[in-house]
Amino acid sequence: MGTRRGACQIGRAVDQCEHLPLAVPANQRVSCEPCKGEEMASAGEPRPAPPDAADQSFDYMFKLLLIGNSSVGKTSLLFRYAEDTFTPSFVSTVGIDFKVKTVYRRAKRVKLQIWDTAGQERYRTITTAYYRGAMGFLLVYDVANAESFSAVQDWATQIKTYSWDNAQVILVGNKCDLEDDRVVPTEEGRRLAHELGFEFFEASAKDNINVKQVFERLVDVICEKMNESLDVSDAPAADGKGARLSEVSPAPTRSCAC
Ligand SMILES: Nc1nc2c(ncn2[C@@H]2O[C@H](COP(=O)(O)OP(=O)(O)OP(=O)(O)O)[C@@H](O)[C@H]2O)c(=O)[nH]1
Ligand SMILES: [Mg+2]
């Protein structure tokens, strides 16, 4: 299990800070955007974390983010994945929320901290503050909503601007159950994903199509990149930009064996 000491930037002990997937040296402070965001959002009264969030027994912790226009189904995908539920009514996310889910990949316990961001423009300043340190993104559009597909390029630019170079991205065309209302052909989605260098899935939170696959593929891609990074872990980062995935893993071993 990883060593979790020190404190995050607002002074919360790292043992109580669920956001830092880091082994922090004692007495050191590390920037933690989520804690700062929580502090801003609730004027110093941290929101209670879900019970699973306190579980410290894991080999790896990955921070993932769901992004994309409002109403594309980000929250629905998360609820389908984490709780296997679906609600037809639309309650737009305010700011940001998260769920924790632990998965097993090749005998390793991987704790996923999945952040569900609000798609509405007015929350953009808050949500982009959470991009830092995210290891993977699900960039979601709605196959029955052309505007949400046109916005994908802008979302990809946001990832480039606010996250680090090693973040992995999967493009998800959600609501593929709405075949009669579809305005974005599957091939268009695949072409754009290829252009942007992302993997691509169509999914349906409603009919539970490809939901588990999308999340698990993202975990696998992160593990693959982590292992590649560990292969050259003795070499300094060529461009000096950002940190390698290996540097944020709390794992005590050198390889995640995913
Ligand atoms: N038919 C269909 N409807 C869906 C699907 N996923 C979500 N919806 C519906 O689409 C609406 C919006 O879903 P949300 O998950 O709240 O959207 P969101 O992306 O989280 O929106 P914001 O929180 O505003 O960013 C809701 O009414 C959902 O029930 C799907 O796969 N198929
Ligand atoms: Mg939402």
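Under an unreviewed UniProt entry, the name given to the protein chain is Ras-related protein Rab-3, and the organism recorded is Alligator mississippiensis. Its UniProt record, at the heading Catalytic activity (unreviewed entry), says of the protein chain: "GTP + H2O = GDP + phosphate + H(+)". The UniProt entry for the protein chain carries the following text under Subcellular location (unreviewed entry): "Cell membrane".

A. Spotlight on the pattern of salt bridges. As enumerated under the stated definition, the model contains 15 salt bridges in all. Residues Glu-179 and Arg-182 are paired through a salt bridge, measuring 2.9 Å at the closest nitrogen-oxygen approach. The class for Glu-179 is partly exposed, based on a relative accessible area of 47%. Between Arg-217 and Glu-199 there is a salt bridge, with its nearest N and O atoms 2.8 Å apart. Of the two residues, Arg-217 is situated in helix α7 (residues 211–231) and Glu-199 in strand β8 (residues 199–202); the sequence distance between them amounts to 18 residues. Put simply, Arg-105, Lys-212, Glu-216 and Asp-220 are held in one network by salt bridges that share partners.

B. Seen up close, the pairing of strand β7 (residues 168–174). In terms of residue burial, β7 counts as a mostly covered element, since 7 of its 7 residues are buried. Along β7, one buried face is formed by Gln-168, Ile-170, Val-172 and Asn-174 and the opposite face, lined by Val-169, Leu-171 and Gly-173, is buried too. In the sheet, strand β6 (residues 136–142) pairs with β7 via 7 bridges, with the strands oriented parallel. Paired with Val-140 across the bridge in β7 is Val-172. Relative to β8, β7 is paired through 4 bridges, and the arrangement is parallel. Across the sheet, residue Leu-171 finds its bridge partner in β8, namely Phe-200.

Parameters and conventions
- Residue positions are given per chain, counting from 1 as you read along its sequence in written order.
- Chains and ligands are labelled sequentially in the order written, the chains with letters from A and the ligands with numbers from 1.
- Totals for whole chains, interfaces and linings use all residues, but because this is a predicted model, local features are given only for residues with pLDDT of at least 70 and pairs of side-chain atoms are given and counted only at 80 or more.
- As a convention, hydrogens and water are excluded, and side-chain values are obtained from all of the structure's heavy atoms.
- UniProt positions are given in the numbering used here, feature names are shortened, and annotations may be inferred rather than shown by experiment.
- For this document, the term salt bridge refers to a Lys or Arg side-chain nitrogen within 4 Å of an Asp or Glu carboxyl oxygen.
- A 1.4 Å probe rolled over the protein chains alone gives each residue an accessible area, and that area as a share of the maximum for its type sets the label: buried under 20%, exposed over 50%, partly exposed in between.
- Under the DSSP-based scheme used, a helix requires at least four consecutive residues in state H or I and a strand at least two consecutive residues in state E, with every element numbered from the N terminus.
- Note on pairing: DSSP must find at least two bridges between two strands before they are called paired.

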